[in-house]
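Read off the chains here:
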Amino acid sequence: MRMANFFFDHAIEEIPDEYEKMLEIEAVGIRGFKRDSTLVQQHAVNQKAGVVDSYQHLSPAIDTDAYMNWLYTTLASKGAQFVTERISGDLLEQENALLERFDAHAIVHATGLGGYELAGDESVYPLRGALIRVVNDGTRFPKVTEALVVAHDVAKRDDDGGIVFIVPRNDQILILGGLAQPNMPLDLTIDSPEVRRMRDRCNKFVPGLENAEYDPEAGFVQGLRPFRGENVRVERELRQKTDGSMSRIIHSYGQGGAGFTLSFGCASDILSLLEELEAGKAPSSMKKMAQHLEL
Ligand SMILES: Cc1cc2nc3c(=O)[nH]c(=O)nc-3n(C[C@H](O)[C@H](O)[C@H](O)COP(=O)(O)OP(=O)(O)OC[C@H]3O[C@@H](n4cnc5c(N)ncnc54)[C@H](O)[C@@H]3O)c2cc1C
């Protein structure tokens, strides 16, 4: 667990979305929550960066390379078989064949951007992101041990959708971000103008970062966040099969820029949906469930 600090260039009350988010964080009792407009003074950051308000809370930080290896070996040790293969077209039409082929009770569909094709969901789209990775050993700049995020007023963000996102990935490596660009291909380099601007934003916030050394393993990474029009979809397939029977597909895609954060909650929801399916209950839509909860 790491402390994550969120800095603002306005009083948080003046930014409705951020204010609502902060109240929710406080209300649900996230550990380590503290609102304190003087947090910026406790960090070796530029005191003239225009920060006027801030809060912090504890947050799980994951070294995703190590985590994915751990997940893989954990599943392998439980007897999972891994098959790498592309599936084309609507999953519903191939459901019976896939269930039979793998002798399976259900299909958990979690292909991220693949939801566009496999779930016939045209609201799925990629939001390009990139990160610079630098050595965080305290030699070239004061070691950063807490996450530092400057969420500028959305109206003031540049075309890159950029924020200042500085996060220790593990004890040695610091991540610098971020970018958010819809519907763009993975063709960035460390010299692309938007990547340079991203670096500059971080350098301005943490003096000394301009001298940082790149992570020798990967100084620059980029990826496509699998977003979806409305929200994440963790839901059973609502369409019936051509023979009128209930589908045995459970969707979990569209986690966007929070797939790791949401993975535990989504997995738990999938388990509940699987139990519902095994009990022979008909599927209900996420929207209907949300309305029901609001009532
Ligand atoms: C720069 C950047 C920073 C990020 N930072 C964070 C962060 O701080 N915290 C966080 O929680 N998340 C973060 N994310 C988001 C996170 O990486 C994603 O939400 C997550 O990877 C989505 O996981 P997924 O398994 O749903 O999709 P993916 O990781 O895209 O995996 C989908 C898989 O399905 C396979 N697939 C797709 N189509 C098909 C098909 N037709 N047939 C067979 N297989 C198919 C793909 O090959 C892939 O293996 C970040 C992303 C980026 C790009």
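Named according to an unreviewed UniProt entry, the chain is FAD dependent oxidoreductase domain-containing protein originating from Cerrena zonata. UniProt annotates the chain under Sequence similarities (unreviewed entry) with the comment "Belongs to the DAMOX/DASOX family." Within the UniProt record for the chain, the comment given under Cofactor (unreviewed entry) is "FAD".

**Q** Just to check I follow, could you spell out the overall build of the chain for this structure?
**A** Within the chain, the regular secondary structure consists of seven helices and twelve strands. Counting only C-alpha atoms and orienting by the principal axes, one finds that the chain spans roughly 65 × 45 × 35 Å. Evaluated residue by residue, the chain yields a buried proportion of 39% over its 295 residues. Relative to all contacts within the chain whose residues are 6 or more apart in sequence, the contacts with residues 24 or more apart total 69%. For the chain, the computed accessible surface area is about 16,900 Å², with 53% contributed by carbon and sulfur atoms. Treating the 31 positive side-chain charges of the chain as one cloud and the 45 negative ones as another, the clouds have centres 2 Å apart.

**Q** Just checking my understanding: could you explain the packing of helix α2 (residues 64-77) against helix α6 (residues 259-278) for this structure?
**A** When two helices pack together, their arrangement is given by the angle between their axes and by how far apart the axes lie. One way to put it is that α2 packs onto α6 with a least axis distance of 13 Å and a crossing angle of 30°. In this view, α2 runs roughly parallel relative to α6, as classed from their interaxial angle. Note on element contacts: α6 touches α2 through F260, S263 and F264, opposite T64, Y67 and M68. Residues that form the contact of α2 with α6 fall into these classes: four nonpolar, two polar and no charged.

**Q** How do you make sense of helix α1 (residues 16-27) when you look at a structure like this?
**A** Helical geometry: 3.6 residues make up each α-helical turn, so side chains three or four residues apart lie on a common side. Between its terminal C-alpha atoms α1 stretches 16 Å, which fits the 16 Å expected from twelve residues at 1.5 Å a residue. Of the positions making up α1, those classed as buried are E18, M22 and I25. Projected down its long axis, α1 shows its buried positions confined to an angular sector of 60°, all on one face. In α1, the exposed residues that point more than 90 degrees away from the buried face are P16, D17, E20, E24 and A27. Residues of α1 that are buried sit in contact with β1 (2-8), β2 (34-35) and β3 (53-59).

**Q** I tried to follow the sheet that holds strand β12 (residues 249-253) on my own but got confused; where do I start?
**A** Each strand in a sheet pairs with another by means of backbone hydrogen bonds, the pair being arranged parallel or else antiparallel. Sheet architecture is open: three strands sit in the order β4-β12-β11, paired in mixed fashion. Every interior strand has two partners, whereas the edge strands, β4 (107-109) and β11 (233-236), have only one. Taken pair by pair, the neighbouring strands of this sheet meet at an average axis angle of 15°, ignoring direction. Inspection of the sheet shows β4 paired to β12 by three bridges, in the parallel sense. Each residue of the ladder has a partner; that of H109, found in β12, is H251. Sheet strands in contact with helix α3 (residues 91-101) are β4 and β12, and its direction is about 140° off that of β4. α6 contacts β4, β11 and β12 of the sheet and is inclined by roughly 10° relative to β11.

About the criteria used
Residues numbered from 1 in each chain as written. Predicted model: local features only at pLDDT ≥ 70, side-chain atom pairs only at ≥ 80, totals over all residues. Heavy atoms only, no water. UniProt positions renumbered as here; feature names shortened; annotations may be inferred. Helix = DSSP H or I, 4+ residues; strand = E, 2+ residues; numbered from the N terminus. Buried < 20%, exposed > 50% of the residue type's maximum accessible area, 1.4 Å probe, protein only. Contact = heavy atoms within 4.5 Å. Areas by Shrake-Rupley, 256 points an atom, 1.4 Å probe, with all protein chains shown as cover. Lys, Arg positive; Asp, Glu negative; His and termini not counted. Charge placed at Lys NZ, Arg CZ, Asp CG, Glu CD. Axes fitted to C-alpha atoms, helices over the stretch in contact; angles between N-to-C directions. Parallel < 35°, antiparallel > 145°, perpendicular 65-115°, else oblique. Nonpolar A, V, L, I, M, F, W, Y, C, P; charged D, E, K, R; others polar. Expected span 1.5 Å × (residues − 1). Arc of directions from axis to C-beta. Pairing = 2+ DSSP bridges.

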